[in-house]
Amino acid sequence: MEEVDVEPAITVIPGVDSGQRHMGFVWGPGDILLYETQRKGTGSGEAGCPLIHVVRKDEDIYSPILRKLFNESHHIFVGLQQSKEETSSKTKRPQFVSVSKNYRSVIRACMEELQQVAVSTRDTALSTQYCSQVSILLAVELIWNLCEVLFIEAAPAGSLLLHLLDWVRLHKADVDEKAQEVLHSDSPTRHHKYWDVVICYVLQGRMDEARQMLAKQASQQPAARSMFKTLDSLMKKMPVFNPVGSQTLTEFDLKWRHWHEECELHLQDGSFSSNSNLETICKILLGHEEALLNQKEQLSTWYHLLVTRLLYTHPSVKPTELHYYAQSSMDLFLDNRSAPEPLDSILLAAFEFDIHQVIKDCSIALSNWWFVAHLTDLLDHCKLLQSHNLHFGSNLREFLLLEYASGLFAHHSLWQLAVDYFDHCPEFGRMYLELQIERVPLDTERKALKVLRICEQRQLAEQVRSICKIMAKKAVRNNRLGSALSWSIRAKDAAFATLISDRFLQDYCARGTFSDLDLIDNLGPAMLLSDRLTFLGKYREFHKLYGEKRFAEAAKLLLSLMTARIAPRSFWMTLLTDALPLLEQKQVIFSADQTYELMHCLEELMSGKTEPSEKRNVQEEDIETTKVELLRLALARNLAAAVVKEGTMDSL
């Protein structure tokens, strides 16, 4: 769905009980908020509460167990990006295979945890949801494993079939459970699943396990021991390609054909005609199509049929030949009576080595971007997607990573992971981060500091200022002036710093003390951000000097605050009042010139107040008049004393 900049139209929804209801919606960063714009009437005529629905595009990020998948895979992703570049991707293939297996192990761990929770929970709806997630992860791991074999490991002929056998065995492990059930029964050879287990082992090429099971049957039938021994010999002699050995693929192929001919001879001469089960096994060893199709229930999937067919008809299959066998196996198994599922189409595209079709189909079929984003990134590192760029500029890898990371930003904690994904999208990553980071709700100061640190590390100056301004305004609303001043300084917002400094000064006038002394005492160069902040810092310094009885320095600083016009005029009376104790000291502190300057400041202040203020009552006016008289008297006394002192010193 596309984002719109106009007001959404109201959709009329026919009402059941009370006429019509109207629905509106609001776009959010990761979801849509649907709401009723008209309250529903109740039977009693009272207004009902309107319904609100949140429609999320990615529900999986809200699952506590799947969040582990996102967190763990994030570490793998970042590690892959930080790996040192080498001249050839071939030399890094083992590393890429290891990374792929790490991704799969995370998928499997989450899948196992979901299975455990699905079994233990008593909530039927929740259990169904967990089971659904397990089935999705099973499919995801199946696809990833096949892509690992075909694209990342790129196994050649001979080794290819061995990897495909491991792939099938990993995802068709129920035979081991059946085997345990059979072996723990009172009479394994008479168990109704005995032959199913033997045939399943044969279908998966697990000859050692199949022979062990057959040996139990042979010991129970002395008359047929020769027949069992013949089949056991054939199964034992079946050639298996050894990729690390000295045998060439041609030598293996020749040896396999001889073995195949021997199996055919035994079938033709009726060696197993008296035992239908052994005859069926021999036909499977020969890859007879009819015999394999009769085992659909044991095979369960067309891709299991594919691997079994290759094992017993073409074990040296080349990667380029896979698509033919894959298509024919799917046609045989589905028998044109049922349409292929999305999973079938994805696996078939993989066997056809159509990477982009695999990614496209997975993007459509899966509920979120996690799988396609991480798989595409890994394939891109393997240099398998270099030729595919999107028409609007970004390549496929970056497009999918951006979509995945944007979805994470809708979550209250996973947004932190998304930052690293944006960092590794060189074309549009920074632009997306700038837009998304502004949508993170700054619920607490701790969260704000996290967001701020991320922005500062990436030199997002505009976002840094925006965050600091937001937090400063929140702090002011909560009357936390120290925090507000700290945020405004970080934002380098002179206007807001001036406003907060005024609030500090107002509080001082009202209470006679400063709040947040530690912050004001340690402003340092930050006080130069605005004149008012400079005044606040210097005024606090005056109080410290006065408290330390450094009266001369305090007097000089106090005077400079007024004469340099740093102090706001509204605060001059307070400064002059602060000068009174210094003027009344036995020791002369203000010189004659300094006293004249104080007098000038007082007269300048009073000349601006020709008329009484309407906002102040008579009592306040009387208090100020008294202050002025006291100041004039103190200034006159100090001037006389200063003149006498300076005259005496001149005569000396």
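To be clear, the structure that these remarks concern was listed above.
Each residue is numbered by its place in its chain's sequence as written, counting from 1. In keeping with the model being predicted, local features are shown solely for residues with a pLDDT of at least 70 and side-chain atom pairs are shown and tallied solely at 80 or more, while totals for entire chains, interfaces and linings include all residues. Heavy atoms from the whole structure form the basis of all side-chain values; hydrogens and water molecules are not counted.

Q: A description of the side chain of aspartate 361 should follow, citing residues and the corresponding values.
A: Looking at the element boundaries, aspartate 361 is found in helix H16 (residues 355-365). Exposure categories follow from relative accessible area, calculated using a 1.4 Å probe and restricted to protein chains: below 20% of the type maximum is buried, above 50% is exposed, and the middle band is partly exposed. When charges are counted, Lys and Arg contribute as positive and Asp and Glu as negative, whereas His and the chain ends are disregarded. Whenever Lys or Arg places a side-chain nitrogen within 4 Å of a carboxyl oxygen from Asp or Glu, that contact is recorded as a salt bridge. Within the buried set, aspartate 361 has no salt-bridge partner at all; the shortest N-O distance to an opposite charge, 6.1 Å, is to lysine 360. Any two residues having at least one pair of non-hydrogen atoms within 4.5 Å are treated as being in contact. In contact with aspartate 361, not counting residues within four places along its chain, are Ser345 and Ile346. Comment: elements are numbered from the N terminus, with helices defined as DSSP H or I runs of at least four residues and strands as E runs of at least two.

Q: Summarise the environment of serine 367; cite the residues concerned and give the values.
A: Structurally, the position occupied by serine 367 is in the loop between H16 and helix H17 (370-381). Separated by 231 residues in sequence, serine 367 and isoleucine 136 place their C-alpha atoms 9.1 Å apart.

Q: How would you sum up the packing of helix H3 (residues 124-152) against helix H4 (residues 159-171)? Please name residues and give values.
A: One can describe the packing of H3 onto H4 by two numbers: an axis separation of 10 Å at closest approach and a directional angle of 170°. On the basis of their axis angle, the class for H3 and H4 is roughly antiparallel. Of the residues in H4, those in contact with Glu141, Leu142, Asn145, Leu146, Val149 and Leu150 of H3 are Leu160, His163, Leu164, Trp167, Leu170 and His171. Polar here means any residue other than Ala, Val, Leu, Ile, Met, Phe, Trp, Tyr, Cys and Pro, which are nonpolar, and Asp, Glu, Lys and Arg, which are charged; Gly is therefore polar. Residue composition of the contact of H3 with H4, by class: eight nonpolar, three polar and one charged. Here the axes come from fitting lines to C-alpha atoms, over the contacting stretch only for helices, and the angles between their N-to-C directions go from 0 to 180 degrees. Roughly parallel means an angle under 35 degrees; roughly antiparallel, over 145; roughly perpendicular, 65 to 115; everything else is oblique.

Q: Just give me the short version of helix H21 (residues 445-457), but keep the residues and values in it.
A: Its 13 residues give H21 an end-to-end C-alpha distance of 18 Å, which sits within 8% of 18 Å, the value for a rise of 1.5 Å per residue. Residues Lys447, Ala448, Val451, Leu452, Ile454 and Cys455 constitute the buried set of H21. One face of H21 carries all of its buried residues, which in axial projection span an arc of 160°. Residues of H21 that are exposed and angled more than 90 degrees away from the buried face: Arg446 and Gln457. Where H21 is buried, its residues meet helix H19 (415-423), helix H20 (429-437), helix H22 (461-477) and helix H23 (481-491). Following H21 by one or two positions, glutamine 459 adopts a phi angle in the positive range, close to 55°. Working rule for helices: expected span equals 1.5 Å times residues minus one. The arc in question is the one traced by the directions running from the helix axis out to the C-beta atoms.

Q: Which residues make up the packing of aromatic side chains, and what values do they have?
A: Stacked, tilted and edge-to-face are the three classes assigned to paired rings of Phe, Tyr and Trp, where Trp is represented by its six-membered ring and a pair needs centres within 6.5 Å; plane angles under 30 degrees give stacked, over 60 edge-to-face, the rest tilted. Within this structure, the stated rule accounts for 26 aromatic pairs. Centre to centre, the rings of tryptophan 369 and phenylalanine 399 are 6.3 Å apart; their planes meet at 85°, and the pair counts as edge-to-face. Note that tryptophan 369 is positioned in the loop between H16 and H17 and phenylalanine 399 in helix H18 (residues 396-408), a separation of 30 residues in sequence. Residue tryptophan 369 is classed as partly exposed on the basis of its relative accessible area, which comes to 29%. Phenylalanine 399 sits in the partly exposed class, given a relative accessible area of 25%. Geometrically, a charge over a ring is one whose NZ (Lys) or CZ (Arg) sits within 6 Å of the ring centre while staying within 35 degrees of the ring normal. Sitting over the ring of phenylalanine 333, lysine 296 keeps its end group 5.3 Å from the ring centre.

Q: So, H16: which residues are in play, and what are the values?
A: If you check which residues of H16 are buried, you get Ile355, Val358, Ile359, Asp361 and Cys362. For H16, the secondary structure elements touched by its buried residues are H3, helix H15 (342-351), H17 and H18.

Q: Can you tell me about the pattern of salt bridges, naming the residues and giving the values?
A: Inspection of every chain in the model, using the stated rule, returns 26 salt bridges. Arginine 211 is the partner of aspartate 232 in a salt bridge, and the nearest nitrogen-oxygen pair spans 2.7 Å. Highlighted residues: aspartate 232 in helix H8 (residues 225-237) and arginine 211 in helix H7 (residues 207-220), separated in sequence by 21 residues. Note on aspartate 232: relative accessible area 25%, which makes it partly exposed. Its salt-bridge partner being glutamate 456, residue arginine 490 comes within 3.2 Å of it at the nearest N-O pair. In this pair, arginine 490 is assigned in helix H23 and glutamate 456 in helix H21, connecting sequence segments 34 residues apart.

Q: Describe the side chain of glutamine 298, with residues and values.
A: Along the chain, glutamine 298 falls in helix H12 (residues 296-299). Classification of glutamine 298 by relative accessible area gives buried; the value is 7%. When sequence neighbours within four positions are dropped, the list of residues in contact with glutamine 298 reads Lys172, Lys178, Asp196, Cys200, Leu203 and His304.

Q: I'd like a rundown of unusual backbone geometry, residues and numbers included.
A: Even without being a glycine, lysine 383 presents a positive backbone phi close to 65°. Examined against the element boundaries, lysine 383 turns out to sit in the loop between H17 and H18. In this structure, glutamine 459 is a non-glycine residue whose phi angle is positive, near 55°. Mapped onto the secondary structure, glutamine 459 falls in the loop between H21 and H22. For glutamine 459, a relative accessible area of 68% corresponds to the exposed category.

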